[in-house]
Amino acid sequence: LLLFARMFVQVCLYFYCKCLWRCLKFVVRKLTGQCELQRICYNTKPGAARTMKIEASLKRSKSKRLQTSVSVHPDAIEKTIDDIMELKRINPDINPQLGVSLQACLLQIVGYRNLIAEVEKLRREPYDAANPRHEEMLLKLWKCLKPNSPLKARISKQWCEIGFQGDDPKTDFRGMGLLGLYNLVYFAEWDTEIALQVLFDSLQPKYSQLSKAEWEKKKMDKAIGYSFAIVGINITDLTYNLLVSGALKTHFYNVAPEAPTLTHFQQTFCYLMHEFHKFWIEEDPLDIMEFNRVREKFHKRILKQLQNPEMALCPHFAASESLINM
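Residues numbered from 1 in each chain as written. Predicted model: local features only at pLDDT ≥ 70, side-chain atom pairs only at ≥ 80, totals over all residues. Heavy atoms only, no water.

Among the structural elements, Q108 can be located in helix α6 (residues 96-124). By relative accessible area, Q108 is classed as buried at 2%. A polar contact of 2.5 Å, which involves the side chain of Q108, links it to the side chain of T51. Engagement of the side chain of Q108 in a polar contact is seen with the backbone oxygen of Y253, the distance being 2.9 Å. When neighbours within four sequence positions are excluded, Q108 is seen to be in contact with T51, F252, Y253, A256, P257, E258, A259 and P260. (Helix = DSSP H or I, 4+ residues; strand = E, 2+ residues; numbered from the N terminus. Buried < 20%, exposed > 50% of the residue type's maximum accessible area, 1.4 Å probe, protein only. Polar contact = N/O pair within 3.5 Å; in protein donor to acceptor, adjacent residues only side chain to side chain. Contact = heavy atoms within 4.5 Å.)

Where helix α7 (residues 132-145) contacts helix α8 (residues 177-190), the two axes come as close as 9 Å, and the packing angle between them is 35°. Judged by the sense of rotation from one axis to the other, the crossing of α7 with α8 is left-handed. When α7 is examined against α8, the residues R133, H134, M137, L138, K140, L141, C144 and L145 are found in contact with a partner set consisting of L178, L181, Y182, L184, V185, A188 and E189. Tallied by class, residues from the contact of α7 with α8 come to 11 nonpolar, one polar and three charged. (Axes fitted to C-alpha atoms, helices over the stretch in contact; angles between N-to-C directions. Left-handed = near helix turned anticlockwise from the far one by under 90°. Nonpolar A, V, L, I, M, F, W, Y, C, P; charged D, E, K, R; others polar.)

As a further point, take α8. Taking 1.5 Å per residue, 14 residues should reach 20 Å; α8 reaches 21 Å between its end C-alpha atoms and fits that length. For α8, the buried fraction is high: 12 of the 14 residues fall into the buried class. (Expected span 1.5 Å × (residues − 1).)

A few words now on the nonpolar core. Among the nonpolar cores identified, the biggest contains 83 residues, and I54, L141, F164 and L181 are the most heavily contacted of them. Of the residues forming this core, the biggest block, 11 residues, is contributed by α6. Contact partners of L181, with chain neighbours within four places excluded, come to Y127, H134, M137, L138, L141 and F173. (Core = buried A, V, L, I, M, F, W, Y, C linked by side-chain atoms within 4.5 Å.)

Inspection of every chain in the model, using the stated rule, returns zero disulfides. C105 forms no disulfide, and the closest cysteine sulfur to it belongs to C41, at a distance of 5.3 Å. The class of C105 is buried, set by a relative accessible area of 0%. (Disulfide = S-S within 2.5 Å.)

Another point: helix α13 (residues 262-283). Here α13 spans 31 Å end to end across 22 residues, near enough to the 32 Å set by a 1.5 Å rise per residue. Just downstream of α13, D284 is the residue with a positive phi angle, here 50°.

Right, let's talk about a nonpolar patch on the surface for a bit. A cluster of nonpolar side chains, contributed by F4, F8, V9 and L13, occupies part of the molecular surface with about 440 Å² of accessible area. Along the chain, the position of F4 falls in helix α1 (residues 2-32). (Patch = residues over 30% accessible without salt bridge, like charges linked within 9 Å, V, L, I, M, F, W, Y side chains within 5 Å. Areas by Shrake-Rupley, 256 points an atom, 1.4 Å probe, with all protein chains shown as cover. Salt bridge = Lys/Arg side-chain N within 4 Å of Asp/Glu carboxyl O.)

Contact geometry of α8 with helix α9 (residues 192-202) gives a least axis separation of 5 Å together with a crossing angle of 110°. Taken together, the axes of α8 and α9 lie roughly perpendicular to each other. Seen from α8, the contacting residues are F187, A188, E189 and W190; seen from α9, they are T192, I194, A195 and V198. Its residues placed into classes, the contact of α8 with α9 shows six nonpolar, one polar and one charged. (Parallel < 35°, antiparallel > 145°, perpendicular 65-115°, else oblique.)

Just distances and angles here, no functional claims.
If you want it as structure tokens, here you go:
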């Protein structure tokens, strides 16, 4: 009986709030002469704050046409904006800026959905040693990270030098599929200096507060850095989860003036890889067994940062100046 009463109260509150919200919107529109979309576009500066408000407004609309506008094909965005203007009875000649602002927001919203699909496709594609393209990418990773050390054989212990677990890296890509390899290659090729520094640091022995002699006397394991490639695949998983959960909307809506792309995702991975490396050093874990604890703490830090609508994780990938005029 108590459970039924609680459910009844929750249902009543839901309908009350829903009706109250619609009544409030109606009153505000009558007073201002503007619909909610107009008020958002005119009173909120471009970026995550505006796009997320537009997205929320469209999704909770009672109109199916507005609800589905967040999932249209990019080529249909202009037609969708015309439909929105017609439905809301807004004259585009009197409100030309509204169409431009809505287009920028919809490009970001639709682009984010499409990026999830593209990333998911890569994640689901397993590494195939019989695929020349896959093998070429793997060998490219080695050449970028070990330019002065030729790989003696495709199956080799040398792979451990860049942080794979065994003789054949293909087994390490199982969790993230090709996405893990794509990210590692992008990091090594386009952020080479930082990638090489992170790799170098990850291979260094750690003596903690003990001297090297004391460390060796205790016969403690000196390989207490971390495996570069394995951590890269793990941070790929973290970046992927931030994307799918929607947490990265704040970042992407602030850095991508239009649709966020796979390149934006990979740039974000590079940033998170570098930040995690610095975080690992700051945390000063006793050994690799603390990896999951450090990773979870790092994850929470990034999530907290992304709660700020002004947040852009990568300052050097800031939004285009043209966004200001949208």
